[in-house]
Amino acid sequence: MAIALFFDFTNGFHDTANSIATSVSTRALSPRVAVASAAVLNFAGAFVSVAVAATIAKGIVDQDAITLEVVMAGLVGAIAWNLLTWLIGLPSSSSHALIGGMIGSAIAASGWGVVNWSGIKEKVLIPSLVAPFLGIAFAFVLILGITWLVARRAPTKVNRGFRRAQLVSGAFVAFTHGTNDAQKTMGIIALALVASGHLSPDFERPPTWVIAASALAMAAGTYAGGWRIIKTLGQRIAKIDPAQGFAAQTACASILWGTAHFGFPVSTTHTISGSVLGAGAVRGFHAVRWGVAGNILVAWILTIPAAALVGASMEVVTRLPGGHVIVFVLAILIAAAAFLARRFDRRRLAPPVEPSASAAAAAAAA
């Protein structure tokens, strides 16, 4: 459960950009205010629905084959991929990382037959493929309508109005992100409780303390922030104005709201990326940085198999003498390495400190 909540934390700061990137890049909110409000709304959203949690707990792999070792190994696979993509500033899917890690560890433990392939196709792959394209279409149509409505108004007034509107649309994204993503950790903890005999396999709702703990870990991670991914989503895919930011956020949040209640664990990252692409493309094909979009697509394709490979490797390690401790320590080392590498990179990229006027004069005199 500790590793599950740490994954939830990494999910929060990895996906902070989903909630606030467009609001920050259009200057609708300052970064700190945006992060704080997103953390609160992520926490609140986690209590709305449990349909996605049920899908993760019951619809991915056979519950009879789940052991605590499988759960722990799958989580480490997801954490490793989350931290790697966070380190390089690439918006990948925490949802797919978690699903991939669980698939890999379950296959390593019990073979290919343990995976519910039809459930993955119907509830994971198809919705996750459709959601970003829905985001592109919805955001594109919405920004076209907005452009037509405000065509004769002064740009300054339009931008001011949509910056205010983004307070609502950004809040909606943060709320639906909590509704969608926090449930995935709830489902994993529920799996662990089923495997240890503390929860019935046919449960209808995870215990309240599981919901609250998952919501709190997600909120804490969101407040920590993932600034590199915020820059990628907010500036590098397409340069967007407040009206486009409002359209992208509204499209993304509407899709997440619907999929969460149907129990589809879609990728928030892919949905908001598609929405930003749709909103940015209204200015023409050249307005979108397709190279960045292509990198996101590559990460999208690699996420499930890469996390599955790490999850499978960790499950094999659990079979060694003291394997549980080794995997737990490996999770800590992976996290420590990622945070230390990020800290070193920040120092390396920091601009040199300019000497003060008095210091410069003294150096010249010397």
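Our structure's up above, just so we're on the same page.
Residues numbered from 1 in each chain as written. Predicted model: local features only at pLDDT ≥ 70, side-chain atom pairs only at ≥ 80, totals over all residues. Heavy atoms only, no water.

Asker: Explain the packing of helix H6 (residues 94-110) against helix H8 (residues 155-195) to me, and be specific about the residues and the numbers.
Answerer: Contact pair H6 / H8: the axes reach a minimum separation of 10 Å and the direction vectors enclose 20°. Comparing the axis directions of H6 and H8 gives the class roughly parallel. Of the two elements, H6 crosses H8, and the hand of that crossing is left-handed. In this structure, H6 contributes Ser95, Leu98 and Met102 to the contact, and H8 contributes Asp181, Lys184, Ile188 and Leu191. Here the residues of the contact of H6 with H8 are counted per class, giving 4 nonpolar, 1 polar and 2 charged. (Axes fitted to C-alpha atoms, helices over the stretch in contact; angles between N-to-C directions. Helix = DSSP H or I, 4+ residues; strand = E, 2+ residues; numbered from the N terminus. Parallel < 35°, antiparallel > 145°, perpendicular 65-115°, else oblique. Left-handed = near helix turned anticlockwise from the far one by under 90°. Contact = heavy atoms within 4.5 Å. Nonpolar A, V, L, I, M, F, W, Y, C, P; charged D, E, K, R; others polar.)

Asker: Tell me what's going on with empty space enclosed by the protein, and back it up with residues and numbers.
Answerer: Summed over the entire model, instances satisfying the criterion amount to 1 cavity of 30 Å³ or more. Put simply, the largest cavity is a space of about 30 Å³. Residue lining of the largest cavity: Ile56, Ile60, Leu98, Ile99, Met102 and Ile188, and that is the complete set. With 3 residues, the single largest contributor to the lining of the largest cavity is H6. (1 Å grid on protein atoms, 1.4 Å probe; cavity = no way out; pocket = protein on both sides within 12 Å on 5 of 7 lines; lining within 4 Å. Points joined across faces, edges and corners; volume = space filled by probe spheres on them.)

Asker: Tell me about helix H3 (residues 31-45), and name the residues and values.
Answerer: With 15 residues, H3 extends 21 Å from end C-alpha to end C-alpha; this agrees with the ideal 21 Å at 1.5 Å per step. Listed as buried for H3 are Ala34, Val35, Ala38, Ala39, Asn42 and Gly45. Taken down its axis, H3 places every buried residue within 135° of arc, on the same side. (Expected span 1.5 Å × (residues − 1). Buried < 20%, exposed > 50% of the residue type's maximum accessible area, 1.4 Å probe, protein only. Arc of directions from axis to C-beta.)

Asker: Please provide a residue-by-residue account of the environment of Ala190, values included.
Answerer: With respect to the helices and strands, the residue Ala190 is situated in helix H8. Along the chain, Ala190 and Pro207 lie 17 residues apart, while their C-alpha atoms are 8.3 Å from each other.

Asker: Outline the side chain of Thr176, supporting the account with residue identities and numerical values.
Answerer: Counting through the fold element by element, Thr176 comes out in helix H8. According to the relative accessible area criterion, Thr176 is buried, its value standing at 0%. With residues near it in sequence (within four places) discarded, Thr176 still touches Ala253, Leu256 and Trp257.

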